[in-house]
Amino acid sequence: MSPENVHQTKDSSRRRGFGMGRGGQGPAAMMRGGQKAKNFRGTMRNLLRYMRPYRLAVIAVFIFAIASTAFNIAGPKILGNATTKLFEGIVGKVMHVPGAFVDYSYIGRIALILLTLYFISALCSYIQGWLMTGVAMKVTYRFRQDISRKIDRLPLRYFDTRTYGEVLSRVTNDVDTVGQTLNQSLTQIITSVTMILGVLVMMLSISWLMTLVALVIIPLALMLVAVVVKASQRYFKQQQEYLGHVNGHVEEMYGGHSVVRAYNGEEQSAQKFTGLNKVLYGAAWKSQFLSGLMIPIMTFIGNLGFVGVSIVGGYLVVRGSIQVGDIQAFIQYVRSFNQPLVQSAQIANVLQSTAAAAERVFEFLNEEEETPENAAPVALDAVNGSVEFKDINFGYAPDKQVIKDFSACVRPGQKVAIVGTTGAGKTTIIKLLMRFYDVQSGSITVDGVDIRNMQRGELRRLFGMVLQDTWLFNGTIRDNIRYGQPDASDEQVVQAAKIAFVDHFVRTLPQGYDMVINEEANNISQGEKQLLTIARAFLTNPKILILDEATSSVDTRTEVFIQQAMEKLMTGRTSFIIAHRLSTIRNADIILVMQDGAIVEQGNHERLLGAGGLYASLYNSQFESAPAA
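Residues numbered from 1 in each chain as written. Predicted model: local features only at pLDDT ≥ 70, side-chain atom pairs only at ≥ 80, totals over all residues. Heavy atoms only, no water.

Chemist: Give me the overall build of the protein: which residues, what numbers.
Modeler: Helix and strand content of the protein: 21 helices and 12 strands. Here the protein holds 629 residues, and the buried ones make up 45% of them. Counting contacts in the protein only where the partners sit at least 6 residues apart, residues at least 24 apart contribute 78% of the total. Accessible surface for the protein amounts to roughly 32600 Å². Of this, 57% is attributable to carbon and sulfur atoms. (Helix = DSSP H or I, 4+ residues; strand = E, 2+ residues; numbered from the N terminus. Buried < 20%, exposed > 50% of the residue type's maximum accessible area, 1.4 Å probe, protein only. Contact = heavy atoms within 4.5 Å. Areas by Shrake-Rupley, 256 points an atom, 1.4 Å probe, with all protein chains shown as cover.)

Chemist: How would you sum up helix α3 (residues 40–50)? Please name residues and give values.
Modeler: Taken together, the buried positions of α3 are occupied by Gly42, Thr43, Leu47 and Tyr50. The arc that holds the buried residues of α3, viewed along the axis, is 140°, so those residues lie on one side. Opposite its buried face, α3 presents the exposed residues Arg41 and Leu48, each directed more than 90 degrees away. (Arc of directions from axis to C-beta.)

Chemist: Mind laying out the sheet that holds strand β3 (residues 415–420), listing which residues take part and the relevant values?
Modeler: In space, the six strands of this open sheet follow the order β6-β9-β10-β3-β11-β12, with mixed pairing throughout. Edge positions in the open sheet fall to β6 (463–466) and β12 (598–603), since each of these has one partner strand only. The average undirected angle you get between the axes of adjacent strands in this sheet is 20°. Summarising the sheet, strand β9 (residues 544–548) and strand β10 (residues 574–578) pair through five bridges and their orientation is parallel. (Pairing = 2+ DSSP bridges. Axes fitted to C-alpha atoms, helices over the stretch in contact; angles between N-to-C directions.)

Chemist: Tell me what's going on with the side chain of Ser192, and back it up with residues and numbers.
Modeler: Among the secondary structure elements, Ser192 is positioned in helix α7 (residues 164–206). Residue class for Ser192 comes out buried when judged on its relative accessible area of 2%. Excluding residues within four positions of it along the chain, Ser192 makes contact with Pro340, Gln343, Ser344 and Ile347.

Chemist: Any details on the side chain of Thr181? Residues and values, ideally.
Modeler: Within the secondary structure layout, Thr181 lies in helix α7. Here Thr177 takes part through its backbone oxygen, which lies 3.0 Å from a polar atom of the side chain of Thr181. Not counting chain neighbours up to four residues away, the residues in contact with Thr181 comprise Leu186, Val350, Leu351 and Thr354. (Polar contact = N/O pair within 3.5 Å; in protein donor to acceptor, adjacent residues only side chain to side chain.)

Chemist: Report on a nonpolar patch on the surface, specifying residues and quantitative values.
Modeler: On the surface, Leu86, Phe87, Ile90, Val91, Val94, Met95 and Tyr104 cluster together to form a nonpolar patch covering roughly 690 Å² of accessible area. Broken down by element, the nonpolar patch gets its largest block of residues, five residues, from helix α4 (residues 55–94). Within the secondary structure, Tyr104 is located in helix α5 (residues 104–153). Using a relative accessible area of 58% as the deciding quantity, one classes Tyr104 as exposed. (Patch = residues over 30% accessible without salt bridge, like charges linked within 9 Å, V, L, I, M, F, W, Y side chains within 5 Å. Salt bridge = Lys/Arg side-chain N within 4 Å of Asp/Glu carboxyl O.)

Chemist: Before we move on, could you go through the confidence of the model for the protein and cite the residues and values that matter?
Modeler: Scored by pLDDT, the protein has a mean of 81; 89% of the residues are at 70 or more. Here residues 625–629 is a poorly scored stretch, pLDDT under 50, and it has zero contacts once near neighbours within four places are set aside; other chains count. (pLDDT = per-residue confidence, 0-100.)

Chemist: A description of the pairing of β3 should follow, citing residues and the corresponding values.
Modeler: The element β3 is extensively covered by neighbouring structure, given that six of its six residues are classed as buried. Residues Lys415, Ala417 and Val419 point to one face of β3 and Val416, Ile418 and Gly420 to the other, with burial holding for every one of them. Pairing analysis gives four bridges linking β3 to β10, with the strands arranged parallel. Opposite Lys415, over in β10, you have Ser575 as the bridge partner.

Chemist: Can you explain the packing of aromatic side chains? Please cite residues and give values.
Modeler: Counted according to the given criterion, the structure contains 13 aromatic pairs. Taking 5.3 Å as the distance between ring centres and 85° as the angle between the ring planes, the aromatic pair formed by Phe389 and Phe406 counts as edge-to-face. With Phe389 in strand β1 (residues 387–394) and Phe406 in strand β2 (residues 403–410), the pair connects residues that are 17 residues apart, well separated along the chain. Here Phe389 matches Phe406 in class, with each residue buried. Between Tyr615 and Tyr619, the aromatic rings sit 6.1 Å apart at their centres with planes inclined by 20°, giving stacked as the arrangement. Of this pair, Tyr615 and Tyr619 are both found in helix α21 (residues 614–621), four residues apart, which corresponds to roughly one turn of the helix. Looking at Tyr615, the relative accessible area reads 0%, which means it is buried. Residue Tyr619 is classed as buried on the basis of its relative accessible area of 10%. If you follow Arg142 out to its NZ or CZ, it ends over the ring of Tyr50, 3.9 Å from the centre. (Phe/Tyr/Trp six-rings, centres within 6.5 Å; stacked < 30°, edge-to-face > 60°. Lys NZ or Arg CZ within 6 Å of the ring centre and 35° of its normal.)

Chemist: Before we move on, can you summarise unusual backbone geometry with the specific residues and values?
Modeler: With a phi angle near 60°, Arg435 is a residue other than glycine that sits in the positive phi range. Structurally, Arg435 is set in the loop between α13 (426–433) and β4 (441–446). A positive phi angle, near 55°, is found at Asp596, a position not held by glycine. Following the sequence through the fold, Asp596 ends up in the loop between β11 (590–595) and β12. We classify Asp596 as exposed; its relative accessible area is 55%.

In structure tokens form, the structure reads like this:
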């Protein structure tokens, strides 16, 4: 992913509930209501089209799943024949029937046939599981690859209007949901349907009357299960909702624990947590209790069915309509019939959640991308660094212009400071220069070439950026400095660190340049982070510099050294400096003063100060002493 796409605000998005744990994994966890897709059929068609490259493997999965189930279905009927033969032999001996005996050779052949059938069934099940796991992992891998590539092609506007968690959930939660369903539920659908049809046929082949008795109880069981699911569903939803509230509150309080303690907010925080936790406890207890009723209910209804089947079966045996072994086989079939019915109900809800997750992924993959690159891009062989803004107009929303008729001409090697009140459009100008956004009208040129005619990657390689908000990834200090120049040697890294006055600080750390910065980079100070990002900019040796309040997080003494190093780095390079502390830009060649998206003043420090306009007002306000009481 591109660096500009990585640097997004994290804290606020995390507090909005991303990454919350899953609760309530009771017997009915798969049956509880969840988010549903807006277009179930369309999404499933898209998912099937997405799986088209793996269609041969999926067909093989279907074949092996059906074969595995079919071999299992045949087992009880064959075993029933052995039971009948054994029963007849034993009863004959007890009744002293002439010539009665137990045909152990016949029973042995049945046992061998059953062993073979169950072995083949297990082998088919293993093969289909192995194939389906491969397909699910390949689809998951492809989804994540496509999402990663899509992120690089999305305009910055997309990330400015969505949270970090929203984007990340596509890569994790949604893709995982689809992958788990493909790996588990898809084969369950095949085996459940095959089992229901196959078992029904086998039951009818034994006795239509016993089949009728067994089927009568199924609607009763399903109705009771539906009542339990409906009752537990709202508690599961409430559980998930308050689990999010609890996690969000804990994360927020933990992230700001120093502020909480400073303002003595521990008791208030604890009271809020207790209230949320009580609601969560009540919802979790009720949802788990209600869902836990399903197994006893199904067992009770199932036992009623077995009683009915046994009574009717005994009657039919007495009449000579069926054999004793048929009762044993039929009871096994009844057990096999109930399970796929419950699984089918579970899978129906799982597919709804899967369709919702897949729909979110496909929506993301179909998002509008950046303006396509020029078919014949222009490459700059030797960059001088002249930049011209000509009649620029731009707005993040069509009805609100942020930049209005902005024009400026910057010669190679000049230091250009952009100042103004908050919201004047200073940072927006930099975003347009870097082509994070494209201008709506006008043009920006580098060495006379319109930046829209250049490849974005080539354009951005011309720039070195040091932002007010630092970004460091989870890795060593050496790798963080080398981020913009991966092939830089260790000596070059150290040299850049020395220029940025960060070498001494790094050498005082336990592992020096090999020290790993953690995810939040909270094992170093904010000022030290800024020094590392400045060293990173030094190492890239850019043609054009962009400094956005680059020294805002360092102390006054360090700022002096940084300014000296910056002056050295900016020598011979075109530099754009966004600054709120106007004392740091007094030696700029050009100062552009912005207000409401337009340039209202421009010139050097002395000229603008003498003009007594907005710049003078801003500058003097930073040095005015507070009036005496």
